[in-house]
Amino acid sequence: MSLFHTLISVAALISGGVIFFFTKGTQTHRKIGFTYVLSMALSLITSFFIYNMFDGFGAFHVMSIISILTISIGMYFPLFGRSISGWPIHHYFWMSYSYVGLWMAFLSHFIQYMPAGWPGVAKGFVAWGIPYILGSVVIFKNKQRIIETYTKASVENEPAAS
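Since the structure is predicted, the reported quantities are computational estimates derived from the model, not experimental observations. Throughout, a residue's number is its position along its own chain's written sequence, starting from 1. Whole-chain, interface and lining totals are the exception, using all residues; otherwise, since this is a predicted model, local features are given only for residues with pLDDT of at least 70 and side-chain atom pairs are given and counted only at 80 or more. Where side-chain values are given, they derive from all heavy atoms of the structure, hydrogens and water being excluded.

### Some points on the overall build of the chain
- Numbering of helices and strands starts at the N terminus; helices are DSSP runs of H or I of at least 4 residues and strands are runs of E of at least 2. Counting secondary structure elements, the chain contains six helices and zero strands.
- Tracing the chain from N to C terminus, the helices and strands come up as α-α-α-α-α-α.
- Counting only C-alpha atoms, the chain reaches 65 × 30 × 25 Å along its principal axes.
- Relative to its full complement of 162 residues, the chain shows a buried share of 39%.
- Here, two residues are considered to be in contact whenever any of their heavy atoms come within 4.5 Å of each other. Put simply, of all contacts in the chain between residues at least 6 apart along the chain, 62% involve residues at least 24 apart.
- Carbon and sulfur atoms provide 72% of the accessible area of the chain, an area that totals close to 10,000 Å².
- When charges are counted, neither His nor the chain ends are considered; positive counts come from Lys and Arg and negative counts from Asp and Glu. Every charge is mapped onto a representative atom, which is NZ of Lys, CZ of Arg, CG of Asp or CD of Glu. The averaged location of the 4 negative side-chain charges in the chain is 4 Å from the averaged location of its 9 positive side-chain charges. The rule is simple: take the accessible area with a 1.4 Å probe, protein chains only, and divide by the maximum for that residue type; under 20% is buried, over 50% is exposed, in between is partly exposed. Calculation of accessible area relied on Shrake-Rupley with a 1.4 Å probe; when residues are assessed, cover is drawn exclusively from the protein chains displayed.

Have a look at this one:
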């Protein structure tokens, strides 16, 4: 189970990263996004069958629940919330932060390999603080570009008026 969980999580890391380089709202965006969401769903489901880190329900399981909520909210907008004003930006933020959370989870697995003398707060900052800060900078820096590319793709993909 752990190997499958790891492999599918790597697929989510790759597809989630690749999607940032494509125009939003296109068929390519939807296909890569589907790969990301499916990979994340499988990763999150399998996470509940891994107990060797805490000998039971632990911190990673709590984070899996939060991740399920983040992705569910992110996917609500394109699937059911298109009538909500500004839904693309809501989708962008929720899905982007789900990806940041994935990096935080990934890096958390390497805390045990950080220098033994480091205090827990320093290890936590490396695994959680740095990805959150860098992710937030990238997300907000690209916000306007994302809105513009999504708007352009949406207009190009709409059926012609009859």
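### Some words on the packing of aromatic side chains
- To pair, rings of Phe, Tyr and Trp, with the six-membered ring standing in for Trp, must have centres within 6.5 Å; the planes then decide the type, stacked if under 30 degrees apart, edge-to-face if over 60, and tilted in the middle. The tally for this structure, following the rule as stated, stands at ten aromatic pairs.
- Summarising the aromatic geometry, the rings of Phe20 and Tyr99 are spaced 5.8 Å apart at their centres and angled 55 degrees between planes, so their arrangement reads as tilted. Linking Phe20 in the loop between helix H1 (2-18) and helix H2 (27-47) with Tyr99 in helix H4 (residues 87-108), this pair joins segments that are 79 residues apart in sequence.
- For Phe20, a relative accessible area of 19% gives the class buried.
- Judged by its relative accessible area of 13%, Tyr99 falls in the buried class.

### Things to note about the environment of Trp103
- Positionally, Trp103 belongs in helix H4.
- For Trp103, a relative accessible area of 31% puts it in the partly exposed group.
- For the pair Trp103 and Trp128, spaced 25 residues apart in sequence, the C-alpha to C-alpha distance is 8.3 Å.

### Quick word on the nonpolar core
- Only buried residues count toward a nonpolar core, which is a set of Ala, Val, Leu, Ile, Met, Phe, Trp, Tyr and Cys residues joined through side-chain atoms within 4.5 Å. Judged by nonpolar contacts, the single largest core of 19 residues is most densely connected at Tyr36, Met40, Tyr92, Tyr99 and Leu102.
- Looking at which element gives the most residues to this core, the answer is H4, with eight residues.
- With near-sequence residues (within four places) excluded, Leu102 lies in contact with Ser9, Ala12, Leu13, Tyr36 and Met40.

### Points about the side chain of Thr70
- Structurally, Thr70 is set in helix H3 (residues 59-80).
- For Thr70, the contacting residues outside a window of four places in its chain are Trp94, Tyr97 and Ser98.

### A look at the confidence of the model for the chain
- The predictor rates its confidence in each residue with pLDDT, a number between 0 and 100. Mean pLDDT over the chain works out to 87, with 90% of the residues at or above the 70 mark.
- Taken element by element, the chain is modelled with least confidence in helix H6 (residues 143-157), mean pLDDT 69, and with most confidence in H2, mean pLDDT 95.
- Predicted confidence for residues 158-162 stays below pLDDT 50, and this span has zero contacts to residues more than four positions away or in other chains.

### Quick notes on the packing of H4 against helix H5 (residues 120-141)
- Where H4 meets H5, the closest approach of the two axes is 9 Å, and the angle between their N-to-C directions is 155 degrees. On the basis of their axis angle, the class for H4 and H5 is roughly antiparallel. Considering how the two elements wind past one another, H4 and H5 form a crossing that is right-handed. Residues Tyr92, Phe93, Ser96, Tyr97, Val100, Met104, Leu107 and Ser108 of H4 form the contact with H5, whose participating residues are Val126, Ala127, Trp128, Pro131, Tyr132, Gly135, Ser136, Val138, Ile139 and Phe140.
- Side-chain classes are defined by residue name, with Ala, Val, Leu, Ile, Met, Phe, Trp, Tyr, Cys and Pro counting as nonpolar, Asp, Glu, Lys and Arg as charged, and the others, Gly among them, as polar. Classifying every residue of the contact of H4 with H5 by side-chain character gives 14 nonpolar, four polar and no charged. Only C-alpha atoms enter the line fits that serve as axes; for helices the fit covers just the stretch in contact. Angles between N-to-C directions range over 0 to 180 degrees. Should an angle fall under 35 degrees it is called roughly parallel, over 145 degrees roughly antiparallel, and 65 to 115 degrees roughly perpendicular, with every other angle called oblique. By definition, turning the near helix anticlockwise from the far helix through less than a right angle yields a left-handed crossing, and turning it clockwise yields a right-handed one.

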